[in-house]
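Descriptive structure summary
Chain by chain, the residues:
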Protein chains: 2
Amino acid sequence: MKKFFFTVILALTLPFCSVFGQQNLFPSQTIKSAIVNEDNSVTFNFLAPKAHRVQIVGDFMEGEKGTNAGMVASGLVDMTEGEGGLWTYTTKPLASELYSYMFMVDGIATIDPNHPYVFRDFATLTNLFTVPGGYGDLYSVQDVPHGTVSARWYHSDGLKAERRMNVYTPYGYEQSKKKYPVLYLLHGSGGDEDEWKNFGRACQIIDNLIAQGKAVPMIVVMPNGHVGMNAAPGESDWGYYKPYHVKDAPGAFEGNFMEIVNFIDREYRTIAKKEGRAIAGLSMGGGHTCYISANYPDKFDYVGLFSAGIGYRRNENMSPIYENMDAKFAAQFKKAPKLYWMGIGTDDFLYKNVKELRDRFDAAGYPYVYRETSGGHIWKNWRIYLSEFAPMLFK
Amino acid sequence: MKKFFFTVILALTLPFCSVFGQQNLFPSQTIKSAIVNEDNSVTFNFLAPKAHRVQIVGDFMEGEKGTNAGMVASGLVDMTEGEGGLWTYTTKPLASELYSYMFMVDGIATIDPNHPYVFRDFATLTNLFTVPGGYGDLYSVQDVPHGTVSARWYHSDGLKAERRMNVYTPYGYEQSKKKYPVLYLLHGSGGDEDEWKNFGRACQIIDNLIAQGKAVPMIVVMPNGHVGMNAAPGESDWGYYKPYHVKDAPGAFEGNFMEIVNFIDREYRTIAKKEGRAIAGLSMGGGHTCYISANYPDKFDYVGLFSAGIGYRRNENMSPIYENMDAKFAAQFKKAPKLYWMGIGTDDFLYKNVKELRDRFDAAGYPYVYRETSGGHIWKNWRIYLSEFAPMLFK
């Protein structure tokens, strides 16, 4: 009798090919790239036999600033052409981190065809790689228990919309009967509900900190902070449009934020009181955090401002949310939040804004924890801030 | 008194920039691309002033087969250089679909820098766009109630591993007390647990079919069918490696499949019996579906083989899962599954394998539904099959 088998078994005897997935439109190369060497230097390879000049641009390099290519805050370095048009470049040993890069081929930016991990910032994709041994490990999936990450929609009466958020529930949540504290984690103005999950590595950071015993199990809620969009680009009924900077009605996100908190308290087993809630955010989300926590002084016991987008404005008021901040801060600190945390990089263009807030708090005698790092308004800092902030929560 | 405001409000008065998200490494261009015109033609734009030849390759075109570039099953067409090095190409009006494409710049494949939606097939990223009005709408996020999509880890005793799956729960699941039927949806050998969710558009298809009243609310479980990997590339502790075709121990996925079913029945409110379970898969996953449903004839009342990777093998047996299939099919059909569904394209390289299975079923008098489409072993067909299969379930 004939036996009946997977044809995939036959496929395993063939050279690598992907016809069993999809009839392959585009060729796979056997080249590897973004190879992390033993000394933590990293080698990039790119096949371009007809190119005259191939460069690499990344957030890990010194070198010529690529202003001609419109690039800022990043090195632009020539790669070396080798046999058969294989261009290569090896970095010096790098500190453990999550890095991003692209190639420039005769002036045209292109992602690495041999390393398909990318991050979207607005409309631009860049490649990613991780150097292990330190922060890079914290930002990577490790062999530890993993929480569940859900894309969840909620209805906003205030904004009259169905809106998308990401919710991380820690390992064991589903089988447990207990209630969990919640960290609300807010993105910057260039981001959306996917930003902390993808480039921010929030789920990996929290998984790993819990596994190391440094953070307590917590729910992490990552909503979309733009009232001008209901979901991340490509995840809403706007379809596959070119992402752009949306305009948000001032104060509308903050003013409707308790809808999100109420939704989470209804839908998840939460510690639904001040001591069970933290809120933190980066850049615009740091501003959101400042205003939400001040406007709802009974709701959040832990507050984290990461390179916060805050500042003084001298012309007309735009939302009651931003009014009477001296009185709101006074009320907030009278209720003694357990932690008010601020972090910023010394080169951050918002440094002076955060300094103004610190001066204001110092003058009023409000206690806060201040963390200053090197560098600018960059994700490297925000991941570090989360990794330092999360262990201070709910203890 | 000074007023305290978001600096983001100031940013809105500036030209588009992304400094508020991340200090931007890579420039955004103001060019739009993959523009769907009123007549459903699509215009692509690519700025490359120094290029000698720019081509577009996509799954929507006729034209020269790009064998020189190693490309198959796809047209390769020259774009036209216009003012300032802006290369353009406009298709003829296209049928509503989800399409993929790339550019070739002097022989180097690159994704579209002005359209950041991509799909990963093995190690290759290609751009995506949708032409609305038909299937394209079904595959898009619409303004309808949305289910929740969770990345969830489960423990496999049989495989001695923590493994990742995606679980779709329909809108209303969380607030409902009722039990739901479950569709287990399996990927091909080129894929992983993310494949149906991303390129397969399964969550959008089910959301939309439920909203149209064509499908009943159901849970959809998308596990990883490779026992050689625990999670999709980039989602496991393998890190950001170059994806490759993993080798799977024959029969190990099918033989341990009931662990997944038991996990889902324990963790979700399911109709935990045969009439509440469907299983379907594409290519390798169609083979998985065939063998799982035949080896566990009491467990699944609905079976869908999409371009199934099945076939006869004449040498040594490799797993008891594949033995005695005549007897197993006899037992399965004696228990009269409510639906046994097979679909395949006339150009599919597995057409003859499915024909053999049909002949076998015909000879034995086993009832099944057969759907033949044009085209080959391609995602276009699998999305169509899901959109036709899902409405037949649990009624």
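In this text the structure is predicted, and so the values were computed from the model without any measurement.

Glancing now at unusual backbone geometry. Residues and elements named next belong to chain B. Phi is positive for Asp106, close to 45°, though the residue is something other than glycine. Examined against the element boundaries, Asp106 turns out to sit in the loop between β9 (97-105) and β10 (108-110). On the basis of neighbour count, Asp106 is assigned to the partly exposed category, with 19 C-beta atoms found within 10 Å. A positive phi angle, near 50°, is found at Phe122, a position not held by glycine. By C-beta crowding, Phe122 is classed as buried, having 20 other C-beta atoms within 10 Å.

The next thing to look at is the domain arrangement of chain A. All names here are of chain A. On domain assignment, one finds that chain A holds domain 1 (32-133) and domain 2 (148-392). Measuring from the centre of the C-alpha atoms in domain 1 to the corresponding centre in domain 2 gives 32 Å. The partner domain 2 presents eight residues to the seven residues of domain 1 that form the contact. Elements with a contribution of two residues or more to the side of domain 1 that touches domain 2: β9 (97-105) and β11 (118-121).

On to the packing of helix α4 (residues 202-211) of chain B against helix α10 (residues 379-389) of chain B, then. Residues and elements named next belong to chain B. For the pair α4 and α10, interaxial distance at closest approach is 10 Å and the crossing angle is 30°. Looking at the two axes, α4 sits roughly parallel to α10. Remark: the crossing between α4 and α10 carries right-handed chirality. Residues Ala202, Ile205 and Leu209 of α4 touch α10, and the partners they reach there are Arg383, Leu386 and Ser387.

Let us now look at the sheet that holds strand β2 (residues 35-36) of chain A. Residues and elements named next belong to chain A. Across the sheet, which stays open at both edges, the four strands sit in the order β2-β3-β8-β7 with antiparallel pairing between neighbours. On the outer flanks of this sheet lie β2 and β7 (80-81), each paired with one strand and no other. Sheet topology places β2 next to strand β3 (residues 42-47); two bridges connect them, and they run antiparallel. Among the inter-strand pairings, Val36 is bridged to a residue of β3, identified as Val42.

So, on to the environment of Arg358 of chain B. Residues and elements named next belong to chain B. You can see Arg358 is positioned in helix α9 (residues 351-364). Owing to 15 C-beta atoms within 10 Å, Arg358 belongs among the partly exposed residues under this scheme. In this structure, the C-alpha to C-alpha distance between Arg358 and Ala211, residues 147 residues apart in sequence, is 34 Å. Once you skip the residues sitting within four places of it in the chain, Arg358 turns out to touch Met342 and Tyr370.

Another point: the environment of Val77 of chain A. Tracing the backbone shows Val77 of chain A in strand β6 (residues 75-78). Each C-alpha atom, one on Val77 of chain A and one on Val57 of chain A, is 6.5 Å from the other, the two residues being 20 residues apart in sequence.

Below, the discussion takes up the sheet that holds strand β7 (residues 80-81) of chain B. All names here are of chain B. One open sheet holds the four strands; their spatial order is β2-β3-β8-β7, and the pairing between them is antiparallel. Unpaired on one side and paired on the other, β2 (35-36) and β7 mark the two borders of the sheet. Note that strand β3 (residues 42-47) and strand β8 (residues 86-90) share five bridges and pair antiparallel. Note on β8: the bridge partner recorded for Leu47 is Leu86.

Residue and element names in this part refer to chain B. Between helix α7 (residues 284-295) and helix α8 (residues 325-334), the shortest axis-to-axis distance is 8 Å and the interhelical angle comes to 70°. Classified by the interaxial angle, the pair formed by α7 and α8 is roughly perpendicular. Pair α7 / α8 crosses with left-handed handedness. Contacts between α7 and α8 pair Ser293, Ala294 and Asn295 from the former with Met325, Lys328, Phe329 and Gln332 from the latter.

As a further point, take helix α6 (residues 257-267) of chain B. Residues and elements named next belong to chain B. Buried residues of α6: Phe257, Val261 and Ile264, and no others. In a view along the axis of α6, the buried residues occupy a sector of 65°, so they form one face of it. Facing away from the buried surface of α6 by more than 90 degrees, the exposed residues are Asn262 and Arg266. If you follow the buried residues of α6, they end up packed against β15 (182-186), β16 (219-223), α5 (252-255) and α7.

Core analysis: the largest hydrophobic core is formed by 195 residues, its most contacted members being Ile206 of chain A together with Ile206 of chain B. Discounting residues that sit within four places of it in the chain, Ile206 of chain B has contacts with Gly147, Tyr168, Ala215, Met218, Val220 and Ala390 of chain B.

Before going further, it helps to spend a moment on the pairing of strand β18 (residues 302-306) of chain A. With five of five residues buried, β18 of chain A is to be regarded as a mostly interior element. Both faces of β18 of chain A are covered, namely the face carrying Tyr302, Gly304 and Phe306 of chain A and the face carrying Val303 and Leu305 of chain A.

This part takes up the environment of Val167 of chain B. Residue and element names in this part refer to chain B. Tracing the chain through its elements places Val167 in strand β14 (residues 161-169). For the pair Val167 and Pro337, spaced 170 residues apart in the sequence, the C-alpha separation amounts to 24 Å. If sequence neighbours within four positions are ignored, Val167 has contacts with Ser150, Arg152, Ile219 and Val221.

This part covers the confidence of the model for chain A. Residue and element names in this part refer to chain A. Mean pLDDT over chain A stands at 89; residues scoring 70 or higher make up 88%. Of the regions scoring below 50 in pLDDT, residues 1-27 engages in 83 contacts with residues more than four places distant in sequence or in other chains. Note on residues 63-73: pLDDT is under 50 here. Beyond four places in sequence and across chains, it has 25 contacts. As a predicted assembly, this complex carries a pTM of 0.92 together with an ipTM value of 0.91.

This brings us to the pairing of β15 of chain B. Residues and elements named next belong to chain B. Among the five residues in β15, five count as buried, and that is most of the element. Burial of the side chains of β15 extends over both faces: Val182, Tyr184 and Leu186 are buried on one face and Leu183 and Leu185 on the other. The pairing of β15 with β16 spans three bridges and is classified as parallel. Bridge assignment links Tyr184 to a residue of β16, and that residue is Val221. Where β15 and strand β17 (residues 277-282) come together, five bridges link them in parallel fashion.

Parameters at a glance
- Note that residues are indexed from 1 along each chain, following the sequence as it is written.
- Ligands are numbered from 1 and chains lettered from A, in the order in which they are written.
- Totals for whole chains, interfaces and linings use all residues, but because this is a predicted model, local features are given only for residues with pLDDT of at least 70 and pairs of side-chain atoms are given and counted only at 80 or more.
- Helical segments are the DSSP runs of H or I of at least four residues, strand segments are the runs of E of at least two, and each set is numbered from the N terminus.
- Here exposure depends only on C-beta density: within 10 Å of a residue's C-beta, 20 or more other C-beta atoms make it buried, 12 or fewer make it exposed, and intermediate numbers make it partly exposed, the C-beta atoms being placed from the backbone.
- All domain edges in this entry derive from an automatic or database-based domain assignment.
- Any two residues are considered in contact once their C-beta atoms, placed from the backbone, lie within 7 Å.
- Simply put, an axis is a line fit to the C-alpha atoms, just over the touching stretch for a helix, and the angle between two N-to-C directions goes from 0 to 180 degrees.
- To sort the angles, those under 35 degrees are grouped as roughly parallel, those over 145 as roughly antiparallel, those from 65 to 115 as roughly perpendicular, and the leftovers as oblique.
- By convention, the crossing between two helices is left-handed when the near helix turns anticlockwise from the far helix through less than a right angle, and right-handed when the turn is clockwise.
- Following DSSP output, two strands are said to pair if at least two bridges run between them.
- By construction, the arc corresponds to the directions joining the helix axis to the C-beta atoms.
- By convention the nonpolar core is taken to be a set of buried residues drawn from Ala, Val, Leu, Ile, Met, Phe, Trp, Tyr and Cys and joined through C-beta atoms within 7 Å.
- Every residue is assigned a pLDDT by the predictor, reflecting its confidence on a scale from 0 to 100.

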